[in-house]
Amino acid sequence: MSQAHTSESLTSDDFMASVKSYLVGFVLSVILTGIPFWAVMTHHFEKPITLGLVLVMAIVQIVVHLKYFLHLDFSKEGKINTFSFLFTALIIVMVVGLSVWIIYEANALMM
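Computed from a prediction, not measured in an experiment: that's the story for all the values here. (Residues numbered from 1 in each chain as written. Predicted model: local features only at pLDDT ≥ 70, side-chain atom pairs only at ≥ 80, totals over all residues. Heavy atoms only, no water.)

Compared with the 33 Å implied by 1.5 Å per residue over 23 residues, the 32 Å span of helix α2 (residues 47-69) between its first and last C-alpha is a close match. Among the residues of α2, those classed as buried are T50, M57, Q61, V64 and L66. Just downstream of α2 lies H71, where phi reads positive at about 55°. (Helix = DSSP H or I, 4+ residues; strand = E, 2+ residues; numbered from the N terminus. Expected span 1.5 Å × (residues − 1). Buried < 20%, exposed > 50% of the residue type's maximum accessible area, 1.4 Å probe, protein only.)

What follows is the structure, given as structure tokens:
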């Protein structure tokens, strides 16, 4: 009987940890969206600085989404998923990058 109670408490603790993770991710995402939005709408910075700010916030937001929503990390359980994701991202970047390079070179040869 005590094992069932322990199992329920672990499930409840896991649920609360998951909710906390999602809430932290959501708050960070809202902040990381609001900062570039504010910078663009108020024209507070010069154009190159605003563009850099937007790009940096986008990269940080990607990391936040990967950690808090997809739960990719380098823990013992998450390593396989993280490496699978990184390998997939590498293949996609290579396919897109090499395709653009081939198209660019083909265009240069046609001119």
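Now, onward.
Further remarks concern the environment of L23. As for its position among the elements, L23 is in helix α1 (residues 2-42). When its relative accessible area of 52% is taken as the criterion, L23 is described as exposed. Sequence-wise, L23 and M41 are 18 residues apart; in three dimensions their C-alpha atoms are separated by 26 Å.

In this fold, S29 is placed in helix α1. Those residues in contact with S29 that lie beyond four places of it in its chain are Q61, V64, H65 and F69. (Contact = heavy atoms within 4.5 Å.)

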